[in-house]
Amino acid sequence: MVLEFKNIEKSFGEKKVLTGVSFKAEGGKAFGLLGRNGAGKTTSIRILMNVFPANNGEVLIDGQPIDYDKIGIGYLPEERGLYPKKKIIEQLKYFAELKGMGSKDAVKSIDYWLERLEMTEYRNKRLDTLSKGNQQKIQLITALAHDPDIVILDEPFSGLDPVNAMLLKDVVKEQISKGKIVLFSSHQMSYIEEFCDSIAILNNGTVALQGDLRDIKRDYPRDRLIVRTENPDAVLAEFGSACTATDNGALIIQLASADEKKSVMTHIIENYDIDEVKVFEPSLNDIFVQYTGDAAKEG
């Protein structure tokens, strides 16, 4: 299954929000839709969910317009949308039935997810009695209970402690392994790097960068090394101004050219007690800032 945004345009009055946005997301993989606030991510998601139409362009599944009667979409919004005074089972059942599930199947699926997310004890509690993290898990069940084909996760790890974050990671990996399209929107770049094969970065309503994340990183000049050692001073002394220390204790060595990688790495390994040496690649955070920072906006 392949989801495709094809030359999507959207305006609200005189304000253009999306201009020719195109990207593809494949089933069985996670896709990161990134951008600063106001870049057009939420508008793109709402068009995908058929909340409102695009002015121009198409949203396709396997080359055909989406049939919303056949393609299920699960959405975990950044802003929570559940009812704080209602019992959890009542509103989960209500949302599942809105997505087309029968009453019996809805309860069966909800009980599975309550157990899977370690929330069974809260089944008959009111939502406002739960912690923020547990409310997040209940919201997640509304996105997954009807077994959607496309799962949209907007800041999914917000409010989760490390244990619950690990639990959510396992759930996300399960959804990907089932061949679903999993679309992430997040400012937590470490999670995007962990899960997403491909990304699209929106800036001012257009796609500033898209593609396979590994390929994007490899397109950057491979003329720097990152070195970790218990004796950084000796390495700094040898390489002088070509070597700088980072805040996390690593050293970055700037090579005269990428052709020197092998010889310099061999020299370092043979002459110093090295914990790690590898080619330096920019983080997704570095790439994001490059394509969405003030200079990018001005350009």
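This text follows the structure it describes.
Quick summary incoming for the structure in this document.

Quick notes on the rules
Residues numbered from 1 in each chain as written. Predicted model: local features only at pLDDT ≥ 70, side-chain atom pairs only at ≥ 80, totals over all residues. Heavy atoms only, no water. Helix = DSSP H or I, 4+ residues; strand = E, 2+ residues; numbered from the N terminus. Buried < 20%, exposed > 50% of the residue type's maximum accessible area, 1.4 Å probe, protein only. Contact = heavy atoms within 4.5 Å. Areas by Shrake-Rupley, 256 points an atom, 1.4 Å probe, with all protein chains shown as cover. Lys, Arg positive; Asp, Glu negative; His and termini not counted. Charge placed at Lys NZ, Arg CZ, Asp CG, Glu CD. Salt bridge = Lys/Arg side-chain N within 4 Å of Asp/Glu carboxyl O. Pairing = 2+ DSSP bridges. Axes fitted to C-alpha atoms, helices over the stretch in contact; angles between N-to-C directions.

Points about the overall build of the chain
Part 1: Scanning the chain from N- to C-terminus turns up 11 helices and 14 strands.
Part 2: Projecting the C-alpha coordinates of the chain onto the three principal axes gives extents of approximately 70 × 50 × 30 Å.
Part 3: Among the 299 residues that make up the chain, the fraction classed as buried is 44%.
Part 4: Considering only contacts in the chain between residues 6 or more positions apart, those separated by 24 or more positions represent 69%.
Part 5: As displayed, the chain offers around 15,500 Å² of accessible surface, 46% of which is attributable to carbon and sulfur atoms.
Part 6: Between the averaged position of the 38 positive side-chain charges in the chain and that of its 46 negative side-chain charges there is a distance of 8 Å.

Overview of the pattern of salt bridges
Part 1: One pass over the full model with this rule turns up 13 salt bridges.
Part 2: Across the pair Lys-217 and Glu-193 runs a salt bridge whose closest N-O atoms are separated by 2.3 Å. Highlighted residues: Lys-217 in helix α7 (residues 213-218) and Glu-193 in helix α6 (residues 189-195), separated in sequence by 24 residues.
Part 3: With a relative accessible area of 13%, Lys-217 lands in the buried category.
Part 4: Residues joined in a network through salt bridges with shared partners are Lys-85, Arg-126 and Asp-128.

Let's talk about the sheet that holds strand β1 (residues 2-12)
Part 1: Taken in spatial order, the 4 strands of this open sheet run β2-β1-β4-β5, and their pairing is antiparallel. Unpaired on one side and paired on the other, β2 (15-26) and β5 (64-65) mark the two borders of the sheet.
Part 2: Where strand β4 (residues 56-61) and β5 come together, 2 bridges link them in antiparallel fashion. By the bridge assignment for β5, Leu-60 is matched with Pro-65.
Part 3: Its contacts with the sheet place helix α1 (residues 41-48) against β1, β2 and β4, and it is angled at close to 115° to β1.

Geometric values such as these leave the question of function open.
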